[in-house]
Amino acid sequence: AGTGGAALSQLFAVQLDELSGQANMTFLQAFNFDAHIALNPANNLIYVVDFHAPSFTTYDPATGTLGATVAINGPAQFPVAAFGPDGNLYLGNMANNKLYTVDLTTGDLTFVVDVPFISGGDLTFNAFGDPILVSRDAGGAAYKLDLVGGAHVMVESGISALVNGLATDQFGNLLASNKGE
């Protein structure tokens, strides 16, 4: 496979060698937009959200095929995307600081909760099903979100203010990627 050329975003599969600790990256797909991804564990498809459009498509890592583009019926600027334990795709909007779920067929948004600090970063769900948002605000901090009452609690500060990807490993540890400058 190639390197993806001069695309704005590139998707890679990463395999970690447990003995050496080295990460081996395999190029999968290039995108000509600012892509934010979420893996759907129900169907093993990667949902690729276009930050600016607003829209999303799917990428099937088993076949290397892209799905149809689905327009999101709402504002642009979704840097936050994660599937929750309830099977919903959650999208955080930077323009209005709101967290939504999106219908995977129609692109219709359902408001979940106001989040006063979406400014990039990302969202994951911990082993207990709690949503954890890492924001670039306040110098970089992680928040446990309250999806019902909106009483969000900071659980960690001093995280990089340039986080642009977040996941939880099998032990409940947060894994973050950082946007270099």
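Above this text is the structure in question.
My aim in this report is to walk through the structure given alongside it, one point at a time. (Residues numbered from 1 in each chain as written. Predicted model: local features only at pLDDT ≥ 70, side-chain atom pairs only at ≥ 80, totals over all residues. Heavy atoms only, no water.)

Observations concerning the overall build of the protein chain
Part 1 of the argument: Per the secondary structure count, the protein chain includes zero helices and 17 strands.
Part 2 of the argument: The buried share of the protein chain, taken over its 181 residues, is 39%.
Part 3 of the argument: Here the contacts in the protein chain between residues at least 6 apart in sequence split such that 34% fall between residues at least 24 apart.
Part 4 of the argument: Surface summary for the protein chain: the accessible area is close to 9500 Å², and the carbon and sulfur share equals 53%. (Helix = DSSP H or I, 4+ residues; strand = E, 2+ residues; numbered from the N terminus. Buried < 20%, exposed > 50% of the residue type's maximum accessible area, 1.4 Å probe, protein only. Contact = heavy atoms within 4.5 Å. Areas by Shrake-Rupley, 256 points an atom, 1.4 Å probe, with all protein chains shown as cover.)

A few points about the pattern of salt bridges
Part 1 of the argument: Applying the stated criterion to the full structure yields two salt bridges.
Part 2 of the argument: A salt bridge links Lys 98 to Asp 114; its shortest N-O distance comes to 2.5 Å. Placement of Lys 98 in strand S10 (residues 98–102) and of Asp 114 in strand S11 (residues 109–114) is noted, with a sequence separation of 16 residues between them.
Part 3 of the argument: Classification of Lys 98 as partly exposed rests on a relative accessible area of 25%. (Salt bridge = Lys/Arg side-chain N within 4 Å of Asp/Glu carboxyl O.)

Some remarks on the packing of aromatic side chains
Part 1 of the argument: Summed over the entire model, instances satisfying the criterion amount to seven aromatic pairs.
Part 2 of the argument: Each ring, one from Phe 12 and one from Phe 27, has its centre 5.8 Å from the other, and the planes form 75°; the classification is edge-to-face. Taken as a pair, Phe 12 in strand S1 (residues 9–16) and Phe 27 in strand S2 (residues 23–31) lie far apart in primary sequence, 15 residues in all.
Part 3 of the argument: Put simply, the rings of Tyr 47, Phe 56 and Phe 83 touch in pairs and so form one group of aromatic residues. (Phe/Tyr/Trp six-rings, centres within 6.5 Å; stacked < 30°, edge-to-face > 60°.)

Quick look at the sheet that holds strand S14 (residues 141–144)
Part 1 of the argument: With antiparallel pairing, the four strands of this open sheet are ordered in space as S12-S13-S14-S15. A strand with exactly one partner marks an edge of an open sheet, and here the two such strands are strand S12 (122–125) and strand S15 (153–157). The mean inter-strand angle of the sheet, taken between neighbouring strand axes irrespective of direction, is 25°.
Part 2 of the argument: Two strands pair when backbone bridges link them, and strand S13 (residues 131–135) and S14 are joined in this way by four bridges, in the antiparallel orientation. Bridge pairing in S14 places Leu 133 opposite Tyr 143. (Pairing = 2+ DSSP bridges. Axes fitted to C-alpha atoms, helices over the stretch in contact; angles between N-to-C directions.)

Re the sheet that holds S10
Part 1 of the argument: The strand order S8-S9-S10-S11 describes an open sheet built from four strands, whose pairing is antiparallel. Each end of this open sheet is capped by a strand with a single partner; those strands are strand S8 (80–83) and S11. Each adjacent strand pair in this sheet contributes to an overall mean axis angle of 25°, direction not counted.
Part 2 of the argument: When S10 meets S11, the two strands line up antiparallel, connected through five bridges.

Details of the pairing of strand S3 (residues 35–40)
Part 1 of the argument: Only one face of S3 is covered, namely the one carrying His 36, Ala 38 and Asn 40; the face carrying Ala 35, Ile 37 and Leu 39 has none of its residues buried.
Part 2 of the argument: As paired strands, S3 and strand S4 (residues 45–50) are joined by six bridges and run antiparallel to one another. Across the sheet, Ile 37 pairs through a bridge with Val 48, a residue of S4.
Part 3 of the argument: Hairpin connection from S3 to S4: four residues lie between these consecutive antiparallel strands, with Asn 44 at a positive phi of about 60°.

What about unusual backbone geometry?
Part 1 of the argument: Residue Ala 53 is joined to Pro 54 through a cis peptide bond whose omega torsion reads -20°.
Part 2 of the argument: On the secondary structure map, Pro 54 appears in the loop between S4 and strand S5 (55–60).
Part 3 of the argument: The backbone phi angle of Gln 77 is positive, close to 75°, even though this residue is not glycine.
Part 4 of the argument: In this fold, Gln 77 is placed in the loop between strand S7 (70–71) and S8.
Part 5 of the argument: Residue Gln 77 is classed as partly exposed on the basis of its relative accessible area of 28%.
Part 6 of the argument: Of note, the phi angle at Asn 97 is positive, near 55°, even though the residue is not glycine.
Part 7 of the argument: Position of Asn 97 among the secondary structure elements: in the loop between strand S9 (89–93) and S10.
Part 8 of the argument: Given a relative accessible area of 23%, Asn 97 falls into the partly exposed group.

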